[in-house]
Amino acid sequence: MLTIENARIEMGDFTLVADLQVQEGKRVAVLGPSGAGKSTLLAMIAGFQPLTSGVIKWRGAVMPDDPADRPISMVFQDNNLFPHLTVAQNVGLGIRPDLRLTSDDKKRVEAALARVGLAGKEARKPAQLSGGQIARVALARVLLRDRPLLLLDEPFGALGPALRAEMLALVDELAAETQATLLMVSHNPEDARLLSDDVILVEGGQAHAPVPTAEIFENPPDALREYLGGDRHYLVPSDL
């Protein structure tokens, strides 16, 4: 279980508080208005943003201070690929940051790329890939890292609807295969409907406790209604 106990982050005039739990193996969408602190919540969990107060635990143990020691893989909005490295090298970083890969390591890289549909693309550079292929490279890397917590910070925001749905289906498959606990930031409520078991709503300086996805859309709090605005079609007919 991921446990966030009375956590608080203060950055100038911005404050985010969280006191919640995420059950292991759950897929959780993180929704809320722009600037509410969705990405900050993930940075808090990953250890990139130090806490002003509070504590974060995984399976009952306090998370290490060093992000590299936390049981987490994270995909950022820009997918965090290195332009001077090949696809295979970018994925290989998930095994060894110094890229001193054994023959078995290289076979694992090839297998991960094949799993995300990029077999034969090992020697390409990121600039030679489409947006969807870049996202697949990032997913192949986290697949190799094999960490129990997977954080996605809106990695498919620039993709069109069809490709976005395809990538969400791939994330769904990978999460099922690895049994990872997934938290995904999104501006698109449909992502939550397609993928998540629960929703964490971030608004008003607070990350609220997870609520089952069907429940939060059937009985949306005022903050969610306001956030959806003209996108009320995401709510069930009785709420239209």
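Coordinates for the structure precede this section.
Residues numbered from 1 in each chain as written. Predicted model: local features only at pLDDT ≥ 70, side-chain atom pairs only at ≥ 80, totals over all residues. Heavy atoms only, no water.

## Observations concerning the overall build of the protein
What the protein contains, in helices and strands, is 8 helices and 11 strands. Its C-alpha atoms give the protein a radius of gyration of 18 Å, within 12% of the compact-globule value 18 Å for 240 residues. Seen along its three principal axes, the alpha-carbon backbone of the protein occupies a region of about 55 × 40 × 30 Å. With 240 residues in all, the protein has 47% of them scored as buried. For the protein, contacts bridging at least 24 residues in sequence account for 66% of all contacts bridging at least 6. Measuring between centres, the 24 positive side-chain charges of the protein sit 8 Å from its 32 negative side-chain charges. (Helix = DSSP H or I, 4+ residues; strand = E, 2+ residues; numbered from the N terminus. Rg over C-alpha atoms; globule rule 2.2 N^0.38 Å. Buried < 20%, exposed > 50% of the residue type's maximum accessible area, 1.4 Å probe, protein only. Contact = heavy atoms within 4.5 Å. Lys, Arg positive; Asp, Glu negative; His and termini not counted. Charge placed at Lys NZ, Arg CZ, Asp CG, Glu CD.)

## A few points about the pattern of salt bridges
Under the criterion given, the structure shown has 10 salt bridges. Notably, a salt bridge pairs D98 with R96, separated by 2.7 Å at the nearest N-O pair. Between E173 and R115 there is a salt bridge, with its nearest N and O atoms 2.9 Å apart. With E173 in helix 5 (residues 161–178) and R115 in helix 3 (residues 103–115), this residue pair connects regions lying 58 residues apart in the sequence. Because the salt bridges share partners, they merge into one network encompassing R96, D98 and R100. (Salt bridge = Lys/Arg side-chain N within 4 Å of Asp/Glu carboxyl O.)

## Let's talk about unusual backbone geometry
Backbone geometry at N6 places phi at a positive 45 degrees, although glycine is not the residue there. Topologically, N6 is positioned in strand 1 (residues 2–11). At L99, a residue that is not glycine, the phi angle is positive and equals roughly 60 degrees. Along the chain, L99 turns up in the loop between helix 2 (87–92) and helix 3.

## Quick look at the packing of aromatic side chains
In this structure the tally under the stated criterion is 0 aromatic pairs. Across from the ring centre of F217, 4.9 Å away, lies the NZ or CZ of R193, which sits over that ring. (Phe/Tyr/Trp six-rings, centres within 6.5 Å; stacked < 30°, edge-to-face > 60°. Lys NZ or Arg CZ within 6 Å of the ring centre and 35° of its normal.)

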